Structure formats: structure tokens, C-alpha cells
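A structural walkthrough
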Amino acid sequence: MAVDDQLSRVFSALADPIRRDMVARLAVGDATVNELAEPYSVTVQAVSKHLKVLEEAGLVSRGRQAQRRPVHLEAEVFDLMTKWIERYRREAEQRYRRLDAVLAELEDPSRDRTETDVEGEAS
């Protein structure tokens, strides 16, 4: 499957537990590749490959401070993810509210009838 939109690239990049852990580490503050590699039993080259995936997804950027090349988390990308997730969370909540209403009516059909329903029947 070709991943061509940013949201797909972001979710794909975050599918790997090491990359998610790196994002969590970068949420605390910028770090160099060597600092990010410390807790893992993988090579610095492997960490660099993980960072490249995160960078292509727009989750991180690399800067330069004298001899240091810190990796920086790009928080704006999380706004894109949050908007997408929030949209579907709201839709799911609406479905559950409708389901709750149906279940409540099944328990006691006379309890959930509104005045407009009763007025509509009288017409």
C-alpha cells in the first residue's frame, strides 16, 4: 500500500514501538541521535533510520547547534492527528448515545417517549 498522505505517514511511522518511544523521549526535550540510541540495543545507524522515517512523516526535524545536531519533535503534526481522532471519537460517542436511548426504550417503552412523539400521535 502506498502511503502518500501525511496522516498515513504519521500513523505508519508511529506503528513501530521504538519510534513511539523516541517520540515520547523527544516530548521531554531535544536529543542527539547518540542520546536517543542509548536505551536501545540497536546501532546508531538503526536509530538514524528510525529517525528518517519520523522525519519523513513530519514528526521530527534535525537542527544544528555548533557541533551538536539535536532532533526536535514537531508538535504541530499532533494537531493533525488529534483532529482526525477527535472527529471519529465524537461520531462513536453519538452512536453510543443513540444505542443507549434504544436500550432504555427497550427496557421501558413508555419511559423514553417525548411530548412531541405523543403530540404527533394525537394529530
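Residues numbered from 1 in each chain as written. Predicted model: local features only at pLDDT ≥ 70, side-chain atom pairs only at ≥ 80, totals over all residues. Heavy atoms only, no water.

Points about the nonpolar core
Basically, it comes down to this: We call a set of buried Ala, Val, Leu, Ile, Met, Phe, Trp, Tyr and Cys residues a nonpolar core when their side-chain atoms join them within 4.5 Å. Relative accessibility under 20% of the residue-type maximum defines a buried residue, over 50% an exposed one, and the middle range a partly exposed one, all with a 1.4 Å probe and only protein chains included. Runs of H or I in DSSP of at least four residues are treated as helices and runs of E of at least two as strands, each being numbered from the N terminus. Any two residues whose heavy atoms approach within 4.5 Å are treated as being in contact.
Judged by nonpolar contacts, the single largest core of 22 residues is most densely connected at Val 47, Leu 51, Leu 54 and Leu 59. Elements with a contribution of two residues or more to this core: helix H1 (6-13), helix H2 (17-28), helix H3 (33-37), helix H4 (44-56), strand E2 (71-73) and helix H5 (76-107). Setting aside chain neighbours within four positions, we find Val 47 in contact with Met 22, Val 33, Leu 36, Ala 37, Tyr 40 and Val 42.

Some points on the confidence of the model for the protein chain
Rules: Confidence of the predictor at the level of single residues is given by pLDDT, which spans 0 to 100.
Put simply, the protein chain has an average pLDDT of 85, and 83% of its residues get 70 or more. Within the protein chain, no element has a lower average pLDDT than helix H6 (residues 115-122), which sits at 52, and none a higher one than H2, at 95.

Remarks on the packing of aromatic side chains
Put simply, the rule reads: Two aromatic rings, drawn from Phe, Tyr or Trp (for Trp, its six-membered ring), form a pair once their centres lie within 6.5 Å of each other, and the interplanar angle then sorts them: stacked below 30 degrees, edge-to-face above 60, tilted otherwise.
Applying the stated rule across the entire model yields two aromatic pairs. Seen from their ring centres, Trp 84 and Tyr 88 are 5.0 Å apart, and the 55° between their planes marks the pair as tilted. Within this pair, Trp 84 and its partner Tyr 88 are both found in helix H5, separated by four residues, close to a single helical turn. One aromatic cluster is present, formed by Phe 11, Trp 84 and Tyr 88 through successive ring pairs.

Let's talk about the pattern of salt bridges
What counts is decided by this rule: Criterion for a salt bridge: a side-chain nitrogen of Lys or Arg within 4 Å of a carboxyl oxygen of Asp or Glu.
As enumerated under the stated definition, the model contains seven salt bridges in all. Here Glu 55 ties to Arg 62 by a salt bridge, and the two come within 3.3 Å at their closest N and O atoms. Assessed through its relative accessible area of 33%, Glu 55 is described here as partly exposed. Classification of Arg 62 by relative accessible area gives partly exposed; the value is 29%. The partner of Arg 97 in a salt bridge is Glu 93, with the nearest N and O atoms 3.9 Å apart. Placement of the pair is Arg 97 and Glu 93 together in helix H5, with a separation of four residues, close to one helical turn. Taken together, the shared-partner salt bridges in this structure form one network comprising Glu 86, Arg 89, Arg 90, Glu 93 and Arg 97.

Details of the environment of Ala 27
Here Ala 27 is to be found in helix H2. As for Ala 27 and Ala 75, which are separated by 48 residues in sequence, their C-alpha atoms are 8.4 Å apart.

Overview of the side chain of His 50
Take His 50: it is sitting in helix H4. Among the residues examined, His 50 registers a relative accessible area of 12% and is labelled buried. Those residues within four positions of His 50 in sequence are excluded, and the remaining contacts are Asp 16, Ile 18, Arg 19 and Met 22.

Some thoughts on H4
Stated formally: To estimate the expected span of a helix, subtract one from its residue number and multiply by 1.5 Å. Regarding the arc, it is the one traced by the directions from the helix axis to the C-beta atoms.
Here H4 is 13 residues long and its end C-alpha atoms lie 18 Å apart, about the 18 Å a rise of 1.5 Å per residue gives. Residues of H4 that are buried include every one of Val 47, His 50, Leu 51 and Leu 54, and no others. The buried side chains of H4 occupy one side of the element, clustering within an arc of 100° when seen end-on. When the buried face of H4 is taken as reference, the exposed residues oriented beyond 90 degrees from it are Gln 45, Lys 49 and Glu 56. Against the buried residues of H4 lie H1, H2, H3, strand E1 (60-62) and E2. After H4 finishes, the residue Gly 58 shows a positive phi value of roughly 85°.

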